[in-house]
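# Residue-level structure breakdown
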Amino acid sequence: MTESPSWLLDGDIRCMTEMIPCSDRILLATDVYVPGGRASPGPTIVERTPYDRRNPELRAMASFFAGRGYNVVLQDTRGRGDSEGMFQHYIARPHEGEDGAALLDWIIGQPWSDGQVGTTGLSYTGANQQALAIMNHPALKSQVILDAGINYFRRCVREDGAFVFAQLGVYALNMALTSPQARNDPLLRARLDAVRARATDWYARAPWKAGDSPVSALPEYETWLLHAQDNPSENDTWRNPAMMLEPFIDAYPDIPKLLVTSWYGHHVWSTFLKLDAFRGHRSPTKALVGTWIHTSPYGDSRVSGDADFGPAASLNMNEIRLRWFDATLRGHGSDRVAQVPAVTYFVMGGGAGTRNPANRLDHGGRWAEAEADFRAALKL
């Protein structure tokens, strides 16, 4: 393991970088944060991301948890950041489950690991948690899944079959712009920047064709963008655990799961379907529903669009995750977590209805809870 002194954080935390092999020998760039001064091995928090393992939000999360005695492992998914391989999005046969399992195999062999792993992440990094879960790795003990889907054909990438070209087109272009290829090839970056400058024209030209799409300059990205556009039937090409969890839901392990979403998120529908599907599990499965948009830092904002829901709407997701992992990986407050109602949700309204100094509507709101009859409580 290679020490990276420039990455040392405040306090006694060791920070190391490793290239972890997958089952097919592709190497994935991984940063490891281990708290010093601990007398015995401890649990590990994992996030696998296509959005740069060294982005400021993830570094802050690593510092937060390592400062509280957890190991933290952040990994670039294949084809992203400093990792080898090809980024396949959710289409065809992505390796997210297998790659996650290989990482857990490596973690439990380290002297600082007590064999317990909790995973976390938003959107794609929630979907790859789900793909990992159905691998049933014995080290996976707890999850916090932030706004991830259950069936991307029925919602998000397609809506009951209709291609959401603006959603995936924008996403594909943004991912291409932040790809290792664009980082290392100025000419490719210039071509993608030119597309971004005329993005409205490109979206008006949909549907796209091979060689004539927003990401034609990066053919491997164009492949999965056009695959999503050109496959309007819910066929086998969509059925992989990262893209479509539903066919695999019965394989999901009975472990504690906190499902976080928002009334304005991409995956509130999916979250309630998962909550239903996991009702038979003995381990606690809870849902938290706020008012945030689908972006990072998730849970932080008290506003959506022109509406201000007040300070109560803003949550510190690191604190939420800490309480969850303390209870499910360390046993601190586990009885209290088990007694929490199935759904904690934000009820919007009750504010003055006037414009505040930021020129947003004072909409207000409050938190409420619902137990097993949450469908009636939430009028679903």
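The structure presented is a predicted model; accordingly, all values stated were derived computationally and were not measured. (Residues numbered from 1 in each chain as written. Predicted model: local features only at pLDDT ≥ 70, side-chain atom pairs only at ≥ 80, totals over all residues. Heavy atoms only, no water.)

Time to look at the overall build of the protein chain. Helices and strands together make up the secondary structure of the protein chain, namely 12 helices and 16 strands. For 380 residues, the compact-globule formula gives about 21 Å, and the C-alpha radius of gyration of the protein chain, at 21 Å, lands near that figure. Counting only residues that meet the buried cut, the protein chain has 55% of its 380 residues in that class. The contacts of the protein chain with a sequence gap of at least 6 include a subset with a gap of at least 24, amounting to 68%. Taken as a whole, the protein chain presents about 16100 Å² of accessible surface, with 52% of it coming from carbon and sulfur. One finds the centroid of the 38 positive side-chain charges in the protein chain at a distance of 2 Å from the centroid of its 43 negative side-chain charges. (Helix = DSSP H or I, 4+ residues; strand = E, 2+ residues; numbered from the N terminus. Rg over C-alpha atoms; globule rule 2.2 N^0.38 Å. Buried < 20%, exposed > 50% of the residue type's maximum accessible area, 1.4 Å probe, protein only. Contact = heavy atoms within 4.5 Å. Areas by Shrake-Rupley, 256 points an atom, 1.4 Å probe, with all protein chains shown as cover. Lys, Arg positive; Asp, Glu negative; His and termini not counted. Charge placed at Lys NZ, Arg CZ, Asp CG, Glu CD.)

Right, let's get into the packing of helix 4 (residues 165-177) against helix 8 (residues 219-230). With their axes 10 Å apart at the nearest point, helix 4 and helix 8 run at an angle of 170° to one another. Overall, the two elements helix 4 and helix 8 adopt an arrangement that is roughly antiparallel. Facing Leu-168, Gly-169, Tyr-171, Ala-172, Met-175 and Ala-176 of helix 4, the residues of helix 8 in contact are Tyr-221, Trp-224, Leu-225 and Ala-228. Its residues placed into classes, the contact of helix 4 with helix 8 shows nine nonpolar, one polar and no charged. (Axes fitted to C-alpha atoms, helices over the stretch in contact; angles between N-to-C directions. Parallel < 35°, antiparallel > 145°, perpendicular 65-115°, else oblique. Nonpolar A, V, L, I, M, F, W, Y, C, P; charged D, E, K, R; others polar.)

Between helix 4 and helix 6 (residues 186-197), whose axes approach to 10 Å, the crossing angle comes to 150°. The angle between the axes of helix 4 and helix 6 places the two elements in the roughly antiparallel class. The handedness of the crossing between helix 4 and helix 6 is left-handed. Together, Leu-173, Ala-176 and Leu-177 of helix 4 and Arg-189, Leu-192, Asp-193, Val-195 and Arg-196 of helix 6 make up the contact between the two elements. Considered class by class, the residues forming the contact of helix 4 with helix 6 number five nonpolar, no polar and three charged. (Left-handed = near helix turned anticlockwise from the far one by under 90°.)

On inspection of all chains with the given rule, the structure shows 20 aromatic pairs. A centroid spacing of 5.2 Å and a plane angle of 70° characterise the contact between Phe-153 and Trp-238, whose relative ring orientation is edge-to-face. On the criterion of sequence distance, the pair formed by Phe-153 in the loop between strand 7 (140-146) and strand 8 (158-159) and Trp-238 in the loop between helix 8 and strand 10 (257-262) is long-range, its members being 85 residues apart. Judged by its relative accessible area of 5%, Phe-153 falls in the buried class. Accessibility expressed as a relative area gives 0% for Trp-238, which makes it buried. Relative to Trp-224, the ring of Tyr-221 lies with its centre 5.6 Å away and its plane at 45°, an arrangement referred to as tilted. Here Tyr-221 and its partner Trp-224 are both found in helix 8, three residues apart, which amounts to about one turn of the helix. Relative accessible area serves as the criterion here: at 0%, Tyr-221 is assigned to the buried category. The structure contains a cluster of three or more aromatic residues connected by ring pairs, namely Tyr-51, Phe-87, Tyr-124, Tyr-171, Tyr-221 and Trp-224. Stacked on the ring of Trp-269, the Lys or Arg Arg-155 has its end atom at 4.4 Å from the ring centre. (Phe/Tyr/Trp six-rings, centres within 6.5 Å; stacked < 30°, edge-to-face > 60°. Lys NZ or Arg CZ within 6 Å of the ring centre and 35° of its normal.)

Moving on: the side chain of Thr-125. With respect to the helices and strands, Thr-125 occurs in helix 3 (residues 124-133). Polar side-chain contacts of Thr-125 include one of 3.3 Å to the side chain of Glu-47. Filtering out sequence-adjacent residues up to four positions away, Thr-125 remains in contact with Glu-47, Arg-48, Thr-49, Pro-50 and Thr-120. (Polar contact = N/O pair within 3.5 Å; in protein donor to acceptor, adjacent residues only side chain to side chain.)

This brings us to the pattern of salt bridges. If you walk through the whole model with that rule in mind, you get 20 salt bridges. Among the ionic pairs, Asp-212 bridges to Arg-205, the shortest N-O distance being 2.5 Å. Here Asp-326 makes a salt bridge to Arg-330, at a shortest N to O gap of 3.2 Å. On the basis of relative accessible area, Asp-326 is assigned to the buried category, the value being 17%. The class for Arg-330 is partly exposed, based on a relative accessible area of 28%. (Salt bridge = Lys/Arg side-chain N within 4 Å of Asp/Glu carboxyl O.)

Another point: the sheet that holds strand 15 (residues 361-362). As summarised here, the arrangement of the three strands in space is 12-13-15, forming an open sheet in which the pairing is mixed. The open sheet has two edge strands, strand 12 (303-304) and strand 15, and neither has a second partner. (Pairing = 2+ DSSP bridges.)

Our next topic: the layout of surface pockets. Looking at the largest pocket, its volume works out to about 830 Å³. The wall of the largest pocket is formed by 38 residues, among which Tyr-51, Leu-122, Ser-123, Thr-295 and Ser-296 lie closest to the centre. At the level of elements, strand 4 (42-49), helix 1 (56-66), strand 6 (113-122), helix 4 and helix 10 (317-329) are the ones that each hand at least two residues to the lining of the largest pocket. Tallying contributions element by element places helix 4 first for the lining of the largest pocket, with seven residues. Among the residues making up the lining of the largest pocket, the classes are represented as 18 nonpolar, 16 polar and four charged. Considered as a void within the structure, the second largest pocket measures approximately 380 Å³ in volume. Those elements giving two or more residues to the lining of the second largest pocket turn out to be strand 11 (285-290), helix 10 and helix 11 (334-339). At five residues, helix 10 tops the list of elements feeding residues into the lining of the second largest pocket. Taken together, the residues of the lining of the second largest pocket break down into 10 nonpolar, three polar and five charged. (1 Å grid on protein atoms, 1.4 Å probe; cavity = no way out; pocket = protein on both sides within 12 Å on 5 of 7 lines; lining within 4 Å. Points joined across faces, edges and corners; volume = space filled by probe spheres on them.)

Moving on, we get to the nonpolar core. The tendency in soluble globular proteins is for nonpolar side chains to be buried side by side. With 61 residues, the main nonpolar core has Ile-107, Val-157, Leu-168, Leu-192, Tyr-221, Trp-224 and Leu-225 as its most contacted residues. Ranked by residue count, the leading element in this core is helix 4, at seven residues. What Leu-168 contacts, discounting residues up to four positions off in sequence, is His-89, Val-157, Phe-163, Trp-224, Leu-225 and Ala-228. If you look at the next biggest cluster of nonpolar residues, it comprises 30 residues, including Tyr-33, Leu-58, Trp-324 and Ala-327. (Core = buried A, V, L, I, M, F, W, Y, C linked by side-chain atoms within 4.5 Å.)

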